[in-house]
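Structural overview
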2 protein chains.
Amino acid sequence: MEFKEAKNKFVQTWGALGSQWGINKTMAQIHALLMVSNEAVSMEDIMDELQISRGNASMNLRALMDWGIVYKEYKAGERKEFFTAEKDLDELAVKISRERSKREIKPALKILKEVSSIAVKDSAEEKHFVEQTSKLYDFVLKADNMLDKITEFNENWLGKLVLKIMK
Amino acid sequence: MEFKEAKNKFVQTWGALGSQWGINKTMAQIHALLMVSNEAVSMEDIMDELQISRGNASMNLRALMDWGIVYKEYKAGERKEFFTAEKDLDELAVKISRERSKREIKPALKILKEVSSIAVKDSAEEKHFVEQTSKLYDFVLKADNMLDKITEFNENWLGKLVLKIMK
DNA sequence: TTAAACTTTCAAAAATAATTGAAAGTTTAT
DNA sequence: ATAAACTTTCAATTATTTTTGAAAGTTTAA
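Only a predicted model underlies this, so the values are computations on that prediction, with no experimental measurement involved.

1. Describing the domain arrangement of chain A
Residue and element names in this part refer to chain A.
- Domain boundaries assigned for chain A yield domain 1 (3-85) and domain 2 (89-166).
- With ten residues of domain 1 in contact, the opposing surface of domain 2 contributes seven residues.
- Across the domain 1/domain 2 interface, buried area totals approximately 720 Å², and carbon plus sulfur atoms make up 61% of it.
- It is Met 35, Trp 67 and Ile 69 that lose the most area in domain 1 upon contact with domain 2, and together they represent 62% of the buried surface on that side.
- Our count for the contact surface shared by domain 1 and domain 2 stands at zero salt bridges.
- If you look at where domain 1 meets domain 2, you find three residue pairs in polar contact (both at pLDDT 80 or more).
- Its residues placed into classes, the side of domain 1 that touches domain 2 shows six nonpolar, three polar and one charged.

Below is the structure:
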């Protein structure tokens, strides 16, 4: 396999993986492309390599920047904008999990808290509902915190120790 | 908020969360419904509560069973089938991560290994590609293994210790 | 200013994914 | 064997999401 083919395969695979995890394909593809580019890429080149429209490129680049995992760059003497991806994978993981937590987990937790706090009659059905949603609240909260801690600690000795123990 | 409203809110929220994570809305809703039901539910009742067609219910129940997080049950004297969800949340997490790993992460790893193993000329561009995809391979592999270990250990003392340390 | 070079926006179109419902399939009771 | 009770399948429909492209917006240079 030669370079161009490999690069394309990577971009396609990353795009497919993205859609399986609720991230739009083009967004994941642009990110993949920038991840493996050794220098900043212009919108023109992104459009060209991925065969997408200007509007699509613009919107998904904006989304990636909102996630904090793609940055704009300016080159001296050049009028147009260039883009690079966060390439430190630990940093990338931290940003993605922070963002998903903020956008999706935290709001879900709020609802879980609400629905698990209703006053119930003593029917088995209602009791079970409260019990189960309470457990779910605790579980999701714990998992959410754990992700925080893992990403926070994974560069220091404690994280490394934990990883070692778990291996 | 009274029970029925809370239950509906929970099912809707879980469904929305599902779609944000690449799981179809109805599938997540059925799962939510079964999670908070204290007894097995018939297909008829699922169709009724979620206002969905028979075909939809059938297909998504099959998918949930394929994931190993919903079970069929038979009641004595009853002709029709009833369904229950895995209600132990640790067990649920284990099954979901095993399944996503098998279906999505493992195939992605295979591709990552492939594309990171190409022979490259000594252009900076190609070198960077190989370096970056290799790092990504290592990272994803480590994360995948870690999930395994966390889910595997989270019911025993070591897991509890780790959780405590991380708190 | 003005105009060229570039980016963003968003309504319409296209692509993709989910859902329906009725026919086909299966199981059980008689 | 037959029919009733139930489930599965899948082509067609519907809903949702993504993408396009051209007009509007912005910035920079002269």
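2. Description of the protein's contact with DNA strand C
- Surveying the vicinity of DNA strand C reveals 17 residues, the closest of which are Ser58(A), Arg79(A), Thr26(B), Ser53(B) and Arg79(B).
- If you look at DNA strand C and keep only atoms within 4 Å of the protein, 60% of those are sugar or phosphate atoms.
- Contact distances for DNA strand C include 3.0 Å between a phosphate oxygen and a side-chain N or O atom of Ser58(A).
- Glu81(A) places a main-chain nitrogen or oxygen 3.3 Å from a phosphate oxygen of DNA strand C.
- Only helix H4 (54-66) of chain A together with helix H4 (54-66) of chain B provide two or more residues apiece to the surface near DNA strand C.
- Broken down by element, the surface near DNA strand C gets its largest block of residues, four residues, from H4(A).
- By residue class, the composition of the surface near DNA strand C is three nonpolar, eight polar and six charged.

3. Digging into the interface of chain A and chain B
- Facing the 51 residues of chain A at the interface are 52 residues of chain B.
- A combined buried area of about 5200 Å² lies between chain A and chain B, and 78% of that area is made up of carbon and sulfur atoms.
- Where chain A meets chain B, there are two salt bridges.
- For Lys9(B), the salt bridge identified is with Glu114(A), shortest N-O distance 2.8 Å.

4. Let's talk about the UniProt feature "domain: HTH marR-type" (unreviewed entry) in chain A
- As annotated in UniProt, the feature "domain: HTH marR-type" (unreviewed entry) corresponds to residues 26-73 of chain A in the numbering used here.
- The distance separating the terminal C-alpha atoms of residues 26-73 of chain A is 20 Å; by composition the span is 65% helix and 12% strand.

5. Brief notes about the packing of helix H3 (residues 43-50) of chain A against H4(A)
Residues and elements named next belong to chain A.
- Direction vectors running N to C along H3 and H4 enclose 115°, while the axes themselves pass 9 Å from each other. One way to sum up the angle between H3 and H4 is to call them roughly perpendicular. Handedness of the crossing formed by H3 with H4: right-handed. Contacts between H3 and H4 involve Met 43, Glu 44, Ile 46 and Met 47 from the first element and Arg 54, Ala 57, Ser 58 and Leu 61 from the second.
- Partitioning the contact of H3 with H4 into residue classes produces five nonpolar, one polar and two charged.

6. Details of the protein's contact with DNA strand D
- As a matter of local geometry, DNA strand D sits amid 17 residues, with Thr26(A), Ser53(A), Arg79(A), Ser58(B) and Arg79(B) nearest to it.
- Near the protein, within 4 Å, the atoms of DNA strand D are sugar or phosphate in 61% of cases.
- In the model, a phosphate oxygen of DNA strand D is placed 3.4 Å from a nitrogen or oxygen of the Asn24(A) side chain.
- Taking Ser58(B), its side chain carries an N or O atom lying 3.0 Å from a phosphate oxygen of DNA strand D.
- Elements supplying a minimum of two residues to the surface near DNA strand D: H4 of chain A together with H4 of chain B.
- Ranked by residues supplied to the surface near DNA strand D, first place goes to H4(B) with four residues.
- Its residues assigned to classes, the surface near DNA strand D comprises three nonpolar, eight polar and six charged.

Parameters and conventions
Residues numbered from 1 in each chain as written. Chains lettered and ligands numbered in written order. Predicted model: local features only at pLDDT ≥ 70, side-chain atom pairs only at ≥ 80, totals over all residues. Heavy atoms only, no water. Domains from an automatic or database assignment. Contact = heavy atoms within 4.5 Å. Buried area = accessible area lost by both parts, 1.4 Å probe. Salt bridge = Lys/Arg side-chain N within 4 Å of Asp/Glu carboxyl O. Polar contact = N/O pair within 3.5 Å; in protein donor to acceptor, adjacent residues only side chain to side chain. Nonpolar A, V, L, I, M, F, W, Y, C, P; charged D, E, K, R; others polar. Near = heavy atom within 4 Å. Helix = DSSP H or I, 4+ residues; strand = E, 2+ residues; numbered from the N terminus. UniProt positions renumbered as here; feature names shortened; annotations may be inferred. Axes fitted to C-alpha atoms, helices over the stretch in contact; angles between N-to-C directions. Parallel < 35°, antiparallel > 145°, perpendicular 65-115°, else oblique. Left-handed = near helix turned anticlockwise from the far one by under 90°.

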